[in-house]
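# Tertiary structure, described
This is what each chain is made of:
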Amino acid sequence: GSKNLAVNHIDSGELDAAMALLDAAERERRAHDALQGINHLSWNLQAIAFRDLGRYAESLERFDVAIAVTAEQLPARLPLDRLHRAWLWAWIGQWARAQQNLAANDDYGVLPAWVRARALQLRSRLAQWRGLPPGDLPERARVEVGDGALRTVHDSIEIDAALASGLQSPSAAVALHGRVLVLRDRARKDGYFGARWAAELACARLAVQAGEHDAARAHVQACRQRPVAEVPLDCAPGHWWHALWRLSQQLG
């Protein structure tokens with residue numbers, strides 16, 4: 001029960017609340033020898049939560065444990081666990097290590113379609129961070145994500161695809177700003193705080209590109225007032241603040 005609730009908090013972007021539940025589960029595991037072999041999910045969740053909170057050393061420690069268990073007990077899942085770790089390596093600029101953790105495009109075995117879509121999404125981000133065009137990767141991720149993915153996965157990929165297309169021209173930015181606004185409002189209404197803040201930042205970038213500076217300033221101001229307990233979806237803390245700084249510079 002506590003692990004399921006922790007998953008819900010991770011999906012909503014409330015990572016401190018998720019960590020409190022996972023810490024409690026870890027204390028229970030340590031108190032009962034019989035639970036030593038069934039904590040695989042908790043280790044993975046801890047690794048993901050630490051990563052998204054910017055606690056990278058702790059996240060890597062958890063990933064090492066979780067991936068070792070996966071290799072022994074659930075080898076079919078190994079490409080997914082390595083993909084989760086690849087996002088961490090990418091965020092801290094270790095792009096070669098991120099690439100090493102990515103399976104080949106056709107090597108995700110029996111895993112759901114959204115796993116391959118997330119890999120395509122990360123490949124797109126890696127290209128952009130290197131100053132290279134992402135090509136069709138954002139749109140391929142959007143098409144391939146399928147219907148079985150978590151809502152947060154859909155939202156993250158939709159935001160990336162909107163940015164990739166919308167930042168190419170002011171006219172494209174106008175239309176895609178509106179699309180991401182709808183996503184932001186839905187996420188805010190339904191309590192998906194992480195998706196809401198990722199969308200808010202994307203809206204600011206698209207509004208700047210569209211020349212809608214008043215709207216962009218409103219988005220930036222909203223981002224500055226983000227509650228610390230609500231962690232933006234798929235955005236490293238340093239990337240978040242650097243993006244806001246750059247937007248502020250552009251807006252004067």
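Here the structure is shown first, and the text comes after it.
Here we take up the overall build of the protein chain. Assigned secondary structure in the protein chain consists of 13 helices and zero strands. Scanning the protein chain from its N terminus toward the C terminus, one meets helices and strands in the order α-α-α-α-α-α-α-α-α-α-α-α-α. A compact globule built from 252 residues would reach a C-alpha radius of gyration of about 18 Å, and the protein chain, at 18 Å, matches this within 12%. Projecting the C-alpha coordinates of the protein chain onto the three principal axes gives extents of approximately 60 × 40 × 30 Å. Relative to its 252 residues, the protein chain shows a buried fraction of 50%. Expressed as a percentage of contacts within the protein chain between residues at least 6 apart in sequence, the contacts between residues at least 24 apart total 60%. Summed over all atoms, the accessible surface of the protein chain reaches about 12,000 Å², with 53% contributed by carbon and sulfur. Within the protein chain, one finds 30 positive and 29 negative side-chain charges whose respective centroids are separated by 4 Å.

Another aspect to go through is the state of the cysteines. Following the criterion strictly, the structure yields zero disulfides and no others. Cys203 takes part in no disulfide bond, and the closest cysteine sulfur, belonging to Cys223, lies 8.9 Å away. The exposure class of Cys203 is buried, given its relative accessible area of 0%. For Cys235, which is in no disulfide, the shortest distance to another cysteine sulfur is to Cys223 and amounts to 9.3 Å. Classification of Cys235 by relative accessible area gives buried; the value is 15%.

So, how was this worked out
- Residues numbered from 1 in each chain as written.
- Predicted model: local features only at pLDDT ≥ 70, side-chain atom pairs only at ≥ 80, totals over all residues.
- Heavy atoms only, no water.
- Helix = DSSP H or I, 4+ residues; strand = E, 2+ residues; numbered from the N terminus.
- Rg over C-alpha atoms; globule rule 2.2 N^0.38 Å.
- Buried < 20%, exposed > 50% of the residue type's maximum accessible area, 1.4 Å probe, protein only.
- Contact = heavy atoms within 4.5 Å.
- Areas by Shrake-Rupley, 256 points an atom, 1.4 Å probe, with all protein chains shown as cover.
- Lys, Arg positive; Asp, Glu negative; His and termini not counted.
- Charge placed at Lys NZ, Arg CZ, Asp CG, Glu CD.
- Disulfide = S-S within 2.5 Å.

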